[in-house]
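# Commentary on secondary and tertiary structure
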Amino acid sequence: AGLAAGAPGGASTVWCVRVTVDRCRWRADVGQSLDTIAAIFGTNFLQLWQLNGEFVSPDDVGSESAVVRLGHMYAVRSTDNLEYLSVQFATTRASLEQLNYGMLPSSLAPKDFLLSLASSSSSLCVLPNACPS
């Protein structure tokens, strides 16, 4: 919420703003390539290019309003936990947290079930590592 300065009579006005963020999406800046975006998310341009086949070149994602897919949406099940997802998708907790900001509590242990997410029919953005070392 924000306060409007200079309201008549010295009164304040409260404004509420709702922001909706699409998970698994990145709005590219002018001049960004899949390689620079991949570096932000700890992956490589080939994985992002596979998810975004409409781009002619990985060096040019088009206009400044181009939307880049960062992964797949995964429907969370009641038996899922972070350890399972990390193994299943060859990913890390850090990657899951970055792609799903605010959805995974820091107190969540690797083997804790994701019951709260499963019961609310939530999905997580997952970027599988297609080339684990």
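This section reports on the structure supplied with the text. Because the structure is predicted, anything quoted here is derived from the model rather than measured.

By secondary structure assignment, the location of D80 is in the loop between strand 5 (72–75) and helix 3 (82–88). Of note is the side chain of D80, whose polar atom sits 2.9 Å from the side chain of Y74. Within the structure, D80 has its side chain in polar contact with the backbone nitrogen of R77 (distance 2.8 Å). In this structure, D80 is in contact with Y74, A75, L85, D112, F113 and L114, ignoring residues within four places of it in sequence.

As a further point, take the nonpolar core. Residues I37, L48, V61, V68 and L70 are the most contacted members of the largest nonpolar core, which totals 16 residues. Going through the elements one at a time, helix 1 (34–40) and helix 2 (45–51) are the ones with two or more residues in this core. Among the elements that make up this core, the one with the highest residue count is helix 1 (three residues). Counting 13 residues, the second largest nonpolar core, distinct from the first, contains F89, L108, A118 and V126.

Bringing the layout of surface pockets into the picture now. Unfilled space is identified by rolling a water-sized probe across the atoms. Reported here for the largest pocket is a volume of approximately 380 Å³. The wall of the largest pocket is formed by 15 residues, among which V21, D22, R23, C24 and R25 lie closest to the centre. Elements that contribute at least two residues to the lining of the largest pocket include exactly strand 3 (25–27) and helix 4 (93–99). Of all the elements, strand 3 adds the most residues to the lining of the largest pocket, at three residues. One number sums up the size of the second largest pocket: a volume of about 170 Å³. In terms of lining residues, the second largest pocket is bounded by 13 residues, among which F41, G42, T43, S95 and N129 are the most central.

This part is about the packing of aromatic side chains. Tallying each qualifying case throughout the model produces three aromatic pairs. Their ring planes at 85° and their centres at 5.3 Å tell us that W26 and F41 sit as a pair that is edge-to-face. With W26 in strand 3 and F41 in the loop between helix 1 and helix 2, this residue pair connects regions lying 15 residues apart in the sequence. You can call F41 buried: its relative accessible area is 11%. Judged by centre distance (5.2 Å) and plane angle (70°), the rings of Y74 and F89 are edge-to-face. Of this pair, Y74 sits in strand 5 while F89 sits in the loop between helix 3 and helix 4, placing them 15 residues apart in sequence. The residues Y74 and F89 share a single accessibility class, namely buried.

Rules of the game
- Residues numbered from 1 in each chain as written.
- Predicted model: local features only at pLDDT ≥ 70, side-chain atom pairs only at ≥ 80, totals over all residues.
- Heavy atoms only, no water.
- Helix = DSSP H or I, 4+ residues; strand = E, 2+ residues; numbered from the N terminus.
- Polar contact = N/O pair within 3.5 Å; in protein donor to acceptor, adjacent residues only side chain to side chain.
- Contact = heavy atoms within 4.5 Å.
- Core = buried A, V, L, I, M, F, W, Y, C linked by side-chain atoms within 4.5 Å.
- Buried < 20%, exposed > 50% of the residue type's maximum accessible area, 1.4 Å probe, protein only.
- 1 Å grid on protein atoms, 1.4 Å probe; cavity = no way out; pocket = protein on both sides within 12 Å on 5 of 7 lines; lining within 4 Å.
- Points joined across faces, edges and corners; volume = space filled by probe spheres on them.
- Phe/Tyr/Trp six-rings, centres within 6.5 Å; stacked < 30°, edge-to-face > 60°.

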